[in-house]
Amino acid sequence: MSLYVFLAIVVCGFVTIASRVLPFILVKQFELPAFIVKFLSFMPITIMSALMFENMLIARSGQLPLFDWQNIWAAIPAVIAGILTKSLLVIVVVGIVAMAALRFYGIG
Amino acid sequence: MNADLSFRAGIKDVVPTLFGYIGVGLAFGVIGHTSHLSILVIAFMSLWVYAGASQFIIANMLLVHDPISAIAVSTFLVNSRMILMSTTLAQYFRKDSMLNNIGIALLTTDETFALAMNKLNRTKQQLSAKWQHAANLLAYATWAVATVVGAWLGSLIESPEKLGLDFALVAMFIGLVYLQLISDKSIKFAVQLLVMLFVAICLYFAMAVMPGNMAVLLATVLGCLFGMVIEK
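In the annotation of an unreviewed UniProt entry, chain B is listed under the name Putative membrane protein and assigned to Secundilactobacillus oryzae JCM 18671. For chain B, the Subcellular location (unreviewed entry) comment in UniProt is given as "Cell membrane". UniProt's Sequence similarities (unreviewed entry) comment on chain B is quoted here verbatim: "Belongs to the AzlC family."

Per an unreviewed UniProt entry, chain A goes by Putative membrane protein and derives from Secundilactobacillus oryzae JCM 18671.

*Asks:* I keep staring at the overall build of chain A and nothing clicks. Help me out?
*Replies:* A count of helices and strands for chain A gives five helices and two strands. With the C-alpha coordinates of chain A rotated into their principal frame, the extents come out at 50 × 45 × 35 Å. A burial count over chain A gives 45% of its 108 residues as buried. Looking at chain A alone, contacts between residues at least 24 apart form 28% of all its contacts between residues at least 6 apart. A total of about 5400 Å² of accessible surface is found on chain A, and carbon and sulfur atoms cover 75% of it.

*Asks:* I'm lost on the UniProt feature "transmembrane region" (unreviewed entry) in chain A in this one. Help?
*Replies:* Here, UniProt's "transmembrane region" (unreviewed entry) annotation points to residues 6–27, 34–53 and 73–102 of chain A. Span residues 6–27 of chain A is 100% helix and 0% strand, its end C-alpha atoms 32 Å apart.

*Asks:* How should the packing of aromatic side chains be read in this particular structure?
*Replies:* Any two aromatic rings considered together are summarised by their centre-to-centre distance and by the angle between their planes. Residues and elements named next belong to chain B. Per the stated rule, a full pass over the model turns up 11 aromatic pairs over all chains. Each ring, one from phenylalanine 28 and one from phenylalanine 56, has its centre 5.4 Å from the other, and the planes form 80°; the classification is edge-to-face. Remark: phenylalanine 56 occurs in helix 3 (residues 52–63) and phenylalanine 28 occurs in helix 1 (residues 7–34); sequence separation between them is 28 residues. A relative accessible area of 0% means that phenylalanine 28 is categorised as buried. Here phenylalanine 28 and tryptophan 143 contribute two aromatic rings whose centre-to-centre distance is 6.3 Å and whose plane-to-plane angle is 25°, an arrangement assigned as stacked. Here phenylalanine 28, found in helix 1, pairs with tryptophan 143, found in helix 8 (residues 129–153); they are 115 residues apart in sequence, far enough to count as distant. Considered together, phenylalanine 28 and tryptophan 143 belong to a single accessibility category, that of buried residues.

*Asks:* Teacher, can you tell me more about the domain arrangement of chain B here?
*Replies:* In many analyses, interface size is given as the accessible surface area lost on bringing the parts together. Residues and elements named next belong to chain B. Domain parsing of chain B yields domain 1 (7–185) and domain 2 (187–232). Inter-centroid distance (C-alpha atoms) of domain 1 to domain 2 is 23 Å. On the domain 2 side, the residues contacting the 12 residues of domain 1 number 10 residues. When domain 1 packs against domain 2, close to 890 Å² is buried across both sides, 66% of that on carbon and sulfur atoms. Seen at the junction of domain 1 and domain 2, the total is zero salt bridges. Elements represented by at least two residues in the side of domain 1 that touches domain 2 include exactly helix 3, helix 4 (68–79), helix 5 (81–90) and helix 9 (167–183). The biggest single contributor to the side of domain 1 that touches domain 2 is helix 9, with three residues. The residue inventory of the side of domain 1 that touches domain 2, partitioned by class, reads seven nonpolar, two polar and three charged.

*Asks:* Just to check I follow, could you spell out the packing of helix 6 (residues 98–106) of chain B against helix 8 of chain B for this structure?
*Replies:* A pair of packed helices is captured by two measures, namely the crossing angle of their axes and the spacing between those axes. Residues and elements named next belong to chain B. Look at helix 6 against helix 8: their axes get within 9 Å of each other, and the N-to-C directions meet at 30°. Regarding the angle of helix 6 to helix 8, the classification is roughly parallel. Where helix 6 crosses over helix 8, the handedness of that crossing is left-handed. Of the residues in helix 8, those in contact with Asn100, Gly103 and Ile104 of helix 6 are Ala129, Gln132, His133 and Asn136. Of the residues assigned to the contact of helix 6 with helix 8, the class counts are two nonpolar, five polar and no charged.

Reading the values: the criteria
- Along every chain, residues carry numbers that run from 1 in the direction the sequence is written.
- By the order in which they are written, chains take letters starting at A while ligands take numbers starting at 1.
- Confidence filtering applies because this is a predicted model: local features only for residues at pLDDT of at least 70, side-chain atom pairs given and counted only at 80 or more, and all residues used for totals across whole chains, interfaces and linings.
- Excluded from the side-chain calculation are hydrogens and water; included are all heavy atoms of the structure.
- UniProt positions are given in the numbering used here, feature names are shortened, and annotations may be inferred rather than shown by experiment.
- By the criteria applied, helices consist of DSSP H or I runs no shorter than four residues and strands consist of E runs no shorter than two, each listed in order from the N terminus.
- Remark: exposure states derive from per-residue accessible area (1.4 Å probe, protein chains only) relative to the maximum for the residue type, with buried under 20%, exposed over 50%, and partly exposed in between.
- By the convention used here, residues are in contact when the closest approach between their heavy atoms is within 4.5 Å.
- The method behind every accessible area is Shrake-Rupley, applied with a 1.4 Å probe, and residues are considered shielded solely by the protein chains displayed.
- Only centres within 6.5 Å qualify two rings of Phe, Tyr or Trp (six-membered ring in Trp) as a pair; their planes then separate them into stacked at under 30 degrees, edge-to-face at over 60, and tilted for everything else.
- Note that domain bounds follow an automatic or database assignment of domains.
- As used here, buried area is the combined drop in accessible area, with a 1.4 Å probe, of two parts when they are placed together.
- Criterion for a salt bridge: a side-chain nitrogen of Lys or Arg within 4 Å of a carboxyl oxygen of Asp or Glu.
- Three residue categories are used. Nonpolar comprises Ala, Val, Leu, Ile, Met, Phe, Trp, Tyr, Cys and Pro, charged comprises Asp, Glu, Lys and Arg, and polar comprises the others, including Gly.
- Working convention: axes come from line fits to C-alpha atoms, limited for helices to the stretch in contact. Angles between N-to-C directions cover 0 to 180 degrees.
- Roughly parallel means an angle under 35 degrees; roughly antiparallel means over 145; roughly perpendicular covers 65 to 115; every other angle is labelled oblique.
- Helix crossings get a hand from a simple test, with the near helix turned counterclockwise from the far one by less than a right angle marking a left-handed crossing and a clockwise turn marking a right-handed one.

Structure below.
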């Protein structure tokens, strides 16, 4: 491991630690104002939706993204599995199997 | 998932999300290997930086010998949504000790955050430090092991994506969004659907003018503001 690689990883580790730990320390010390609590109450659905939709799109620099049809097709059985079972494990396994099948048959 | 907030329940609840860590971890190991990073460097990065998307970018920037300052800034930007997630999650651990808070903070990820938000819907909006530690620690160990195994397999497997494992992460987010949608009673169902639609539209247009991670952050912030406006 070169010094360059070592230092880069050490510095990046401090960056991720700060992003995670400082909010916890601040929130423990100070009561958040009501409007921030209200704002954050939408965080779960918005950030999870954004991460999910990002995976359904293919970025192209300077242009509108394309739809990632393979991921969208594989998502359909995963969603159906979710409606039927409400189980995260089943959703994930069905999704993996659906994607493997799509690729095996060269679809999407 | 039920109302049980014990350490054991944390272990049990986190299991479905582990597929995501395994899929992405293996992929990172393989890519780390092809970026000429040794298994030691990959293990060190997974244990010390512990941030999925950031690690891919760091590996890539190390390969082209970018300056450390640029790598640090990229890591911060890609990982900046952690500030929003940590602030949200921290509200449920204010009564726990500072040591417990820091311990939870250190190992918070997209997935364990999302899992905790889902858990809240079953526990009358309560979380416990031991439940969160259990979920976090198992996720952390799985990530480290998966990346190391990926690095080791890197020389053996030609195209790991054939197995569909990389889709585990996407499927996991689909599952967490769906479960959030049907179980979060604190926000009206119709409001959640509108917020989701708004986030999708924002993300679509934002991705044309900025990198995906920044677009996610912008769409998230706009989505929260939109939610505040329409709920009034």
